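Tertiary structure, described
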Amino acid sequence: MGWNEDPHYRDLRKRMVEYQIVGRGVRDRGVIEAMLKVPRHLFVPPPYREEAYNDYPLSIGRGQTISQPYMVAVMTEALELKGDEKVLEIGTGSGYQTAVLAEIASEVFTIERDPLLAERARELLESLGYRNIHFRVGDGTLGWPEEAPFDRIIVTAAAPSIPKPLREQLRVGGIIVIPVGGRYGQTLVKGKKVSDEKMEIEELFDCAFVPLVGEYGFPENPGL
Ligand code: SAH
């Protein structure tokens, strides 16, 4: 990809991958190489550039966050990507996870409900030269029926349960990774669709994501 790389950020990124990703047990080569490559500092608001490679999530405005680097690595590794997959992502946010997916998989379909975040992410990802990402603004809990089935689905916002349309739009043999639980605390879940009716569930660890808001997610205004 043709961006001009500042060696300062390249060094921060190398250290991030060494200590936070490889150092904590992520072994997937594709994930490691993608995270060495994607310029995460461009995906955070300018005042946070120096913090972009630190070990925590950051605010991206609109009440949303860019996930901690380790969380991105673990979720991507859990997808077990080989390279030829068609991936659906719910919650484009900054577009950082989208870029990591696009480095590894063949096609990425990403849905964001906030039009402003979606537009920012699209502009940045297009300026970085990605041509295998498809954008949609709307309620991702409904999936992207016209493009189904998907080999992999990743949801980067917290859901009360796995949305039914997403179960249906996952190919048999496919994998979904999604935080499931309450509004303020969840378990990261990896589901393998073993037949049209059956999902094999593996619980990875506790996590805290912003809520997935939509028809098969949480209501927009809790308590109103
Ligand atoms: N992967 C992103 C994480 C963004 S936070 C990153 O690393 O930057 C989660 C995002 O999910 C937010 O941008 C939020 O607006 C979005 N979101 C919440 N509910 C959604 C829904 N039903 N459909 C699509 N996007 C949704």
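The rules we used
- Residues numbered from 1 in each chain as written.
- Predicted model: local features only at pLDDT ≥ 70, side-chain atom pairs only at ≥ 80, totals over all residues.
- Heavy atoms only, no water.
- UniProt positions renumbered as here; feature names shortened; annotations may be inferred.
- Buried < 20%, exposed > 50% of the residue type's maximum accessible area, 1.4 Å probe, protein only.
- Contact = heavy atoms within 4.5 Å.
- Axes fitted to C-alpha atoms, helices over the stretch in contact; angles between N-to-C directions.
- Helix = DSSP H or I, 4+ residues; strand = E, 2+ residues; numbered from the N terminus.
- Parallel < 35°, antiparallel > 145°, perpendicular 65-115°, else oblique.
- Left-handed = near helix turned anticlockwise from the far one by under 90°.
- Nonpolar A, V, L, I, M, F, W, Y, C, P; charged D, E, K, R; others polar.
- Near = heavy atom within 4 Å.
- Polar contact = N/O pair within 3.5 Å; in protein donor to acceptor, adjacent residues only side chain to side chain.
- Areas by Shrake-Rupley, 256 points an atom, 1.4 Å probe, with all protein chains shown as cover.
- 1 Å grid on protein atoms, 1.4 Å probe; cavity = no way out; pocket = protein on both sides within 12 Å on 5 of 7 lines; lining within 4 Å.
- Sits in = over half its atoms within 2 Å of the grid points.
- Pairing = 2+ DSSP bridges.
- Core = buried A, V, L, I, M, F, W, Y, C linked by side-chain atoms within 4.5 Å.
- Right-handed = clockwise from strand over helix to strand, strands pointing away.

Thoughts on the UniProt feature "active site" (unreviewed entry) in the chain
- Mapped onto this structure's residue numbering, the UniProt feature "active site" (unreviewed entry) falls at Ser67.
- Judged by its relative accessible area of 19%, Ser67 is buried.
- Aside from chain neighbours lying at most four places away, what touches Ser67 is Arg40, Pro57, Val72 and Phe209.

Section: the packing of helix α3 (residues 69-78) against helix α4 (residues 96-104)
- Two numbers describe how α3 lies on α4: the axes approach to 11 Å, and their chain directions differ by 40 degrees. Accordingly, the angle class assigned to the pair α3 and α4 is oblique. Here α3 runs over α4; the crossing is right-handed. Between α3, through Val72, Met75 and Thr76, and α4, the contact on the second element is made entirely by Tyr96, Gln97, Val100, Leu101 and Ile104.
- Per-class residue counts for the contact of α3 with α4 are 6 nonpolar, 2 polar and no charged.

Concerning the site of the ligand
- The full set close to the ligand counts 25 residues, and Ser94, Glu112, Asp139, Gly140 and Val213 are the nearest of them.
- Here an oxygen atom of the ligand and a backbone polar atom of Ser67 are 3.4 Å apart.
- Gly91 is positioned such that a nitrogen or oxygen atom in its backbone is 3.4 Å from a nitrogen atom of the ligand.
- Within the complex, the protein chains bury 98% of what would otherwise be the 580 Å² of accessible surface of the ligand.
- Placement of the ligand is best described as lying within the largest pocket.
- The set of elements that each furnish at least two residues to the shell around the ligand consists of β2 (64-66), β3 (86-90) and β4 (107-112).
- Top contributing element to the shell around the ligand by residue count: β2, with 3 residues.
- Tallied by class, the residues present in the shell around the ligand amount to 9 nonpolar, 12 polar and 4 charged.

Concerning the pairing of strand β8 (residues 186-193)
- With 6 of 8 residues buried, β8 is to be regarded as a mostly interior element.
- Direction of pairing for strand β7 (residues 170-181) relative to β8: antiparallel, over a ladder of 7 bridges. Along β8, the bridge assignment pairs Ile175 with Lys192.
- When β8 meets strand β9 (residues 199-207), the two strands line up antiparallel, connected through 8 bridges. Each bridged residue has a counterpart across the sheet, and for Gly191 the counterpart in β9 is Ile201.
- The turn joining β8 and β9, which pair antiparallel and follow one another in sequence, is formed by 5 residues.

Focus on the nonpolar core
- In this structure, Met35, Phe43, Tyr96, Val100 and Tyr130 are the most contacted members of the largest nonpolar core, which totals 49 residues.
- Those elements that provide at least two residues to this core are α1 (7-21), α2 (29-37), β1 (58-61), α3, α4, α5 (115-127), β5 (133-137) and β7.
- If we skip the residues at most four places from it in the chain, Tyr96 touches Met16, Met35, Val38, Arg40, Phe43, Ile66 and Val72.
- Residues Trp144, Ala159, Ile162 and Val189 belong to the second largest nonpolar core, which totals 19 residues.

A short note on the packing of α2 against α4
- It is the contact of α2 with α4, at a shortest axis distance of 9 Å, that shows an interaxial angle of 125 degrees. Judged by the inter-axis angle, α2 sits oblique to α4. As α2 packs across α4, the resulting crossing turns out to be right-handed. Touching Gly30, Val31, Ala34, Met35 and Lys37 of α2 are Tyr96, Val100, Glu103 and Ile104, all from α4.

Considering the pairing of β5
- In this structure, β4 lies alongside β5, joined through 5 bridges in parallel fashion. What sits directly across from Glu112, in β5, is Val137.
- In terms of handedness, the path from β4 via α5 over to β5 forms a crossover that is right-handed.

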